[in-house]
Amino acid sequence: MENALAVVTGAGSGIGRAVALGLASAGCRVVAADLNEPAAAATAAHDHEQITAAPVDIASRSAVESLRDRIEAEFGTPTVLVNAAGWDETRPFLDATAEFAEKVVAINYLGPVHMCSAFLPGMVAAGRGRVVNLASDAGRVGSAGETIYAGAKGGVIALTKSLAREMARHSITVNCVCPGPTDTPLFAAQPEKLKEALVKAIPFRRLARPEEVAAPVLFFASDAASFITGQVISVSGGLTMAG
């Protein structure tokens, strides 16, 4: 992976930051993209030689295309794309407004769609690439209070498998990592009772660390996974064991 160029969304915190730092440690040049520009800059501060911060709203196709144009002008065509950005709030489905539903879908599903649409043509032209999408075990088995989010993440899983079929002829792999409960700012914002219940339900009786979720992302992004595509792996401490 040394000297490869990687773009990581949601790189300002949590899993996205762990992925960006892991890729940088492996020798990648990393563009840490995030809606929160100061957070992306904080990630880049860990390794200014390897990581560059860039603001982006992945829910906006035009913003994503502007990011692509900037990256290609400054660094060239990325070899690795990691779609790690996500957002949700826990609430019953019947309490969800149309605006809330649209925001969840725009960030969690259309965001990866926009990123793939923008960056895959360059990878196709280069005849190589790695795409890793971060979904959620909510998208594999469902999650009460996160129904719209689960639906969007289920869409990311299906997107991954379909793109893997289309991109294989171009030597581009597309795989998916599904985190379970992880020690991130998004999880910290959940109600205390829900957090306690989830930790108790995990066989390991603890949350995942962001670095533990980043590990399979780094594997999928590496040459070690050159013959693996269309796959979905859960990182949940045994909470889910989906087939």
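Residues numbered from 1 in each chain as written. Predicted model: local features only at pLDDT ≥ 70, side-chain atom pairs only at ≥ 80, totals over all residues. Heavy atoms only, no water.

A.B. asks: Would you mind showing me how to read the overall build of the protein chain here?
C.D. replies: Within the protein chain, the secondary structure is distributed over nine helices and seven strands. Taking 18 Å as the expected radius of gyration for a compact globule of 243 residues, we find that the protein chain reaches 17 Å, a close match to that expectation. Expressed along its principal axes, the backbone C-alpha trace of the protein chain runs to roughly 45 × 35 × 35 Å. Within the protein chain, buried positions represent 50% of all 243 residues. Sequence separation of at least 24 residues holds for 67% of the intrachain contacts in the protein chain that already meet a minimum separation of 6. Carbon and sulfur atoms make up 55% of the accessible area of the protein chain, which totals about 11000 Å². The averaged location of the 24 negative side-chain charges in the protein chain is 6 Å from the averaged location of its 20 positive side-chain charges. (Helix = DSSP H or I, 4+ residues; strand = E, 2+ residues; numbered from the N terminus. Rg over C-alpha atoms; globule rule 2.2 N^0.38 Å. Buried < 20%, exposed > 50% of the residue type's maximum accessible area, 1.4 Å probe, protein only. Contact = heavy atoms within 4.5 Å. Areas by Shrake-Rupley, 256 points an atom, 1.4 Å probe, with all protein chains shown as cover. Lys, Arg positive; Asp, Glu negative; His and termini not counted. Charge placed at Lys NZ, Arg CZ, Asp CG, Glu CD.)

A.B. asks: Just to check I follow, could you spell out unusual backbone geometry for this structure?
C.D. replies: Keep in mind that most residues, glycine aside, have a negative phi and that most peptide bonds are trans. One non-glycine residue with positive phi stands out, namely serine 171, at about 60 degrees. Here serine 171 shows up in the loop between α6 (147-167) and β6 (172-179). Judged by relative accessible area, which is 47%, serine 171 ranks as partly exposed. The backbone of arginine 205 shows a phi angle near 60 degrees, a positive value even though the residue is not glycine. Overall, the relative accessible area of 53% leaves arginine 205 in the exposed class.

A.B. asks: What exactly am I supposed to notice about the packing of helix α1 (residues 14-25) against helix α9 (residues 210-221) here?
C.D. replies: In a pair of packed helices, the angle between the axes and the distance between the axes together describe the arrangement. Relative to each other, α1 and α9 sit at 50 degrees, their axes nearing to 8 Å. On the basis of the axis angle, α1 is oblique to α9. Where α1 crosses over α9, the handedness of that crossing is right-handed. Between α1 and α9, the residues in contact are Gly14, Ile15, Ala18, Val19, Gly22 and Leu23 and Pro210, Glu211, Val213, Ala214, Val217, Leu218 and Ala221, respectively. Looking at the contact of α1 with α9, its residues break down into ten nonpolar, two polar and one charged. (Axes fitted to C-alpha atoms, helices over the stretch in contact; angles between N-to-C directions. Parallel < 35°, antiparallel > 145°, perpendicular 65-115°, else oblique. Left-handed = near helix turned anticlockwise from the far one by under 90°. Nonpolar A, V, L, I, M, F, W, Y, C, P; charged D, E, K, R; others polar.)

A.B. asks: Explain the packing of α1 against helix α2 (residues 37-44) to me, please; I cannot follow it from the model alone.
C.D. replies: Where α1 meets α2, the axes come as close as 10 Å, and the angle between the chain directions of the two elements is 35 degrees. The two elements α1 and α2 cross, and the hand of that crossing is right-handed. Residues Arg17, Ala20 and Leu21 of α1 lie in contact with α2, whose contacting residues are Ala39, Ala42 and Thr43. Of the residues assigned to the contact of α1 with α2, the class counts are four nonpolar, one polar and one charged.

A.B. asks: Please explain the environment of leucine 21 as it appears in this structure.
C.D. replies: Structurally, leucine 21 is set in helix α1. Placed 25 residues apart in sequence, leucine 21 and histidine 46 show a C-alpha to C-alpha distance of 7.7 Å. If sequence neighbours within four positions are ignored, leucine 21 has contacts with Thr43, His46 and Ile51.

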